[in-house]
Amino acid sequence: MPTVSLIVPVYKAEAWIEECMASIRAQTYKDIELIVIDDSQGSGPAAARNRGLGKATGEFIAFCDADDYLEPDAIQKLVAASNGVDLVAGSFRKFGDFEMTVTHPDKKLSLEALAEYVMENLKNPRSHQMLSGCWAKLYRRSLVRRFPNLTTAEDMVFNFDYLARCKAVRFISDVVYHNRKYVGSLTTTFDERNKLGLFGF
């Protein structure tokens, strides 16, 4: 049973951290190396996740934000789908200020199909969102690099960089993750004056 290093950056998440930790304790998959990074300095999720990556020793890497939570069988399902692929992307639910489920039929994608999927997302960011976050996914640690020094969409850049080293990706239709959306959350706030914002533009 391979070890999964689960990295959780924590910054001003007092209202939701217990729900997050309870969902991690409830995981049916038990070979988890939990790495909680206290970002009390407010260095940002990219820097906090990079610190977590520096401590990780598992064969696989997964991420969870402290204001989100996992389904009890999330890690189990991601690991079960990992055979023969370098990235597993699970379906996820957005909740809070609005409700939306991002899903895709169970499927192993070739690099050509993956490129088409990514291009559809870049043309319309409200569609084809299975690769938009770093959570709800399972990465092979041997292929992981660092997050870029960006304040918005740093996880998409991380994913695109990671995909360049992938031979195959599998999508799974089961919802494994719940992503909280609220005013002020990093993914809903963009400041055009911030040159480290969306993709660095």
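Located above this text is the structure these notes cover.
Residues numbered from 1 in each chain as written. Predicted model: local features only at pLDDT ≥ 70, side-chain atom pairs only at ≥ 80, totals over all residues. Heavy atoms only, no water.

S.K.: Looking at this structure, I do not really get helix α4 (residues 111–123). What am I missing?
M.R.: Think of an α-helix as 3.6 residues a turn; residues three or four steps apart then line up on the same face. For α4, spanning 13 residues, the distance from its first C-alpha to its last is 18 Å, which sits close to the expected 18 Å at 1.5 Å a residue. For α4, the full list of buried residues reads Leu114, Tyr117, Val118 and Asn121. Projected onto a plane normal to the axis of α4, the buried residues spread over an arc of 95° and lie on a single side. Across from the buried face of α4, at angles greater than 90 degrees, the exposed residues are Glu112, Glu116 and Lys123. Where α4 is buried, its residues meet β7 (107–109), α5 (154–163) and β9 (169–181). (Helix = DSSP H or I, 4+ residues; strand = E, 2+ residues; numbered from the N terminus. Expected span 1.5 Å × (residues − 1). Buried < 20%, exposed > 50% of the residue type's maximum accessible area, 1.4 Å probe, protein only. Arc of directions from axis to C-beta. Contact = heavy atoms within 4.5 Å.)

S.K.: Please explain the environment of Leu143 as it appears in this structure.
M.R.: Considering the arrangement of structural elements, one finds Leu143 in the loop between β8 (137–140) and α5. The spacing of Leu143 and Ala168 is 25 residues in sequence and 13 Å in space, taken between C-alpha atoms. When sequence neighbours within four positions are dropped, the list of residues in contact with Leu143 reads Asp86, Tyr162 and Arg165.

S.K.: Any chance you could explain the packing of aromatic side chains here in plain terms?
M.R.: Here a ring pair, both rings aromatic, is described through the centre-centre distance and the interplanar angle of the planes. This model, assessed by the stated rule, comprises 10 aromatic pairs. Both rings, one in Phe63 and one in Tyr139, keep their centres 5.8 Å apart while their planes meet at 75°; by these two values the pair is edge-to-face. Highlighted residues: Phe63 in strand β3 (residues 60–63) and Tyr139 in strand β8, separated in sequence by 76 residues. Across this residue pair, the class does not change: Phe63 and Tyr139 are buried. Centroid distance Tyr69 to Phe95: 5.8 Å. Interplanar angle 65°. Geometry classified as edge-to-face. With a gap of 26 residues between them, Tyr69 in strand β4 (residues 69–70) and Phe95 in strand β5 (residues 87–96) connect regions that are remote in the sequence. Its relative accessible area of 18% is what places Tyr69 among the buried residues. Residue classification places Phe95 among the buried positions, given a relative accessible area of 10%. Linked through ring pairs, Phe63, Tyr139, Phe147, Phe158 and Tyr162 together constitute an aromatic cluster. (Phe/Tyr/Trp six-rings, centres within 6.5 Å; stacked < 30°, edge-to-face > 60°.)

S.K.: Would you mind going over the pattern of salt bridges with me for this structure?
M.R.: Where charged atoms from two side chains of opposite charge approach closely, those side chains can pair. Summed over the entire model, instances satisfying the criterion amount to 11 salt bridges. Arg180 serves as the salt-bridge partner of Glu19, at 2.8 Å between the closest nitrogen and oxygen. Highlighted residues: Glu19 in helix α1 (residues 17–25) and Arg180 in strand β9, separated in sequence by 161 residues. Arg180 gets classed as buried once you look at its relative accessible area, which sits at 13%. Asp174 is the salt-bridge partner of Lys77, the closest N and O atoms lying 3.2 Å from each other. Placement of Lys77 in helix α3 (residues 74–80) and of Asp174 in strand β9 is noted, with a sequence separation of 97 residues between them. Connected through salt bridges with shared partners, the residues Arg49, Asp65 and Glu154 form a single ionic network. (Salt bridge = Lys/Arg side-chain N within 4 Å of Asp/Glu carboxyl O.)

S.K.: How do you make sense of the packing of α4 against α5 when you look at a structure like this?
M.R.: Two measures define how a pair of helices packs: the angle their axes make with one another and the distance between the axes. Look at α4 against α5: their axes get within 12 Å of each other, and the N-to-C directions meet at 160°. With respect to α5, the axis of α4 lies roughly antiparallel. Between α4 and α5 the crossing geometry is left-handed. For the pair formed by α4 and α5, the contact residues are Leu114, Val118, Asn121 and Leu122 on the first element and Met156, Phe160 and Leu163 on the second. The class makeup of the residues in the contact of α4 with α5 is 6 nonpolar, 1 polar and no charged. (Axes fitted to C-alpha atoms, helices over the stretch in contact; angles between N-to-C directions. Parallel < 35°, antiparallel > 145°, perpendicular 65-115°, else oblique. Left-handed = near helix turned anticlockwise from the far one by under 90°. Nonpolar A, V, L, I, M, F, W, Y, C, P; charged D, E, K, R; others polar.)

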